[in-house]
Amino acid sequence: KNQVEQSPQSLIILEGKNCTLQCNYTVSPFSNLRWYKQDTGRGPVSLTIMTFSENTKSNGRYTATLDADTKQSSLHITASQLSDSASYICVVSEGAGKSTFGDGTTLTVKP
Amino acid sequence: DTGVSQDPRHKITKRGQNVTFRCDPISEHNRLYWYRQTLGQGPEFLTYFQNEAQLEKSRLLSDRFSAERPKGSFSTLEIQRTEQGDSAMYLCASSFPTSGISYNEQFFGPGTRLTVL
């Protein structure tokens, strides 16, 4: 069964600090891996997309890494801001519309 | 067209009533997806359409659920005889299949929050 597991489940950090979120997956075949940010009560918004040949992808203060051999990905957030408080969801796609979602990591940034 | 839209944003209904949600995808996106999300969980796949054809349905989509996309544009999701367990956020997403990395990048709508009393 295809699975995406994220850790930690929740995280609290102080504004300005960095943090790293983890994603392990067992999805096969693999097409791409995406990280989404979901604010409370809203739909997810895409942050990064990577195929198996890409090791890292940045989007502003967000940097995602992918190790296709170990089937692990991470999302690193630098210089956190209060607006980064949200749920971060890892999604792994087999292609052709088939995607498996993780349960997300809830990040709280405190002043 | 600035994105995927969903209507209503919130719906409160009594158990046993029928409800219908609407999703308008991004123009020219021929794939449309429905997901259900409960608190603290990631979205769970319900079904998806390519144009007007419903290509896949999850086993989560019981007989009380039906989705349509009659003209290959907007879609509706109907839940009949609602139960308290149906309370969730219902998300719609659309994509335009192309070759390469963006093959199935899905753009999400704001969701419809359903509360069944």
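Scroll up for the structure.
Residues numbered from 1 in each chain as written. Chains lettered and ligands numbered in written order. Predicted model: local features only at pLDDT ≥ 70, side-chain atom pairs only at ≥ 80, totals over all residues. Heavy atoms only, no water.

*Asks:* Hey, could you run me through the pattern of salt bridges in this one?
*Replies:* Opposite charge on two side chains allows them to pair when their charged atoms are near. Residues and elements named next belong to chain B. Here the structure, examined in full by the defined rule, presents six salt bridges over all chains. Asp-24 is the salt-bridge partner of Arg-22, the closest N and O atoms lying 2.7 Å from each other. Judged by relative accessible area, Arg-22 falls into the partly exposed class, the value being 34%. Assessed through its relative accessible area of 26%, Asp-24 is described here as partly exposed. Arg-64 is paired through a salt bridge with Asp-86; the nearest N and O atoms lie 2.8 Å apart. Residue Arg-64 is located in the loop between β6 (53–57) and β7 (65–68), and its partner Asp-86 is located in the loop between β8 (75–79) and β9 (88–95); the two are separated by 22 residues in the primary sequence. Neither residue differs from the other here; Arg-64 and Asp-86 are each classed as buried. (Salt bridge = Lys/Arg side-chain N within 4 Å of Asp/Glu carboxyl O. Buried < 20%, exposed > 50% of the residue type's maximum accessible area, 1.4 Å probe, protein only. Helix = DSSP H or I, 4+ residues; strand = E, 2+ residues; numbered from the N terminus.)

*Asks:* Is there a simple way to think about the packing of aromatic side chains in this case?
*Replies:* Two measures describe an aromatic ring pair: the distance that separates the ring centres and the angle between the ring planes. Residue and element names in this part refer to chain B. On inspection of all chains with the given rule, the structure shows eleven aromatic pairs over all chains. Seen in terms of ring centroids, Tyr-33 and Tyr-48 are 5.3 Å apart; in terms of plane orientation they differ by 15 degrees. Their pairing is stacked. Residue Tyr-33 is found in strand β4 (residues 31–37), and its partner Tyr-48 is found in strand β5 (residues 44–50); the two are separated by 15 residues along the sequence. Comparing Tyr-33 with Tyr-48 shows no difference in burial state: the two are buried. (Phe/Tyr/Trp six-rings, centres within 6.5 Å; stacked < 30°, edge-to-face > 60°.)

*Asks:* What's the story with the interface of chain B and chain A in this structure? I'm lost.
*Replies:* By a frequent convention, interface size equals the accessible area lost on bringing the separate parts together. Listed by partner, the interface residues are 21 residues for chain B and 24 residues for chain A. Together chain B and chain A conceal approximately 1,700 Å² of surface at their shared face, both sides included; 49% is due to carbon and sulfur atoms. In this structure, the connection of chain B to chain A is made through zero salt bridges. Inspection of the chain B/chain A interface yields three residue pairs in polar contact (both at pLDDT 80 or more). Only β4 and β9 of chain B provide two or more residues apiece to the side of chain B that touches chain A. Considering each element in turn, the side of chain B that touches chain A owes the most residues, four residues, to β4(B). When grouped by side-chain class, the residues that make up the side of chain B that touches chain A number ten nonpolar, seven polar and four charged. (Contact = heavy atoms within 4.5 Å. Buried area = accessible area lost by both parts, 1.4 Å probe. Polar contact = N/O pair within 3.5 Å; in protein donor to acceptor, adjacent residues only side chain to side chain. Nonpolar A, V, L, I, M, F, W, Y, C, P; charged D, E, K, R; others polar.)

*Asks:* Help me understand the side chain of B:Ser75, please; the structure alone is not making it clear to me.
*Replies:* Residue and element names in this part refer to chain B. Positionally, Ser-75 belongs in strand β8. According to the relative accessible area criterion, Ser-75 is buried, its value standing at 0%. Within the local environment of Ser-75, its side chain forms a polar contact with the side chain of Trp-34, the two groups lying 2.9 Å apart. A polar side-chain atom of Ser-75 sits 2.7 Å from the main-chain carbonyl oxygen of Glu-68. Beyond its immediate sequence surroundings of up to four residues, Ser-75 is in contact with Phe-21, Arg-22, Cys-23, Leu-32, Trp-34, Phe-49, Glu-68 and Arg-69.

*Asks:* Help me understand unusual backbone geometry in this model?
*Replies:* Working note: non-glycine residues mostly have negative phi, and peptide bonds are mostly trans. Cis geometry is adopted by the peptide bond preceding A:Pro8, which originates at A:Ser7 and carries an omega value of -10 degrees. For the bond from A:Ser28 to A:Pro29, the omega torsion is -5 degrees, close enough to zero to count as cis. In this fold, A:Pro29 is placed in the loop between β3 (19–25) and β4 (32–38). Of note, the phi angle at B:Asn51 is positive, near 55 degrees, even though the residue is not glycine. Looking at the element boundaries, B:Asn51 is found in the loop between β5 and β6. The backbone of B:Arg81 sits at a positive phi, close to 50 degrees, despite the residue not being glycine. Structurally, B:Arg81 is set in the loop between β8 and β9.

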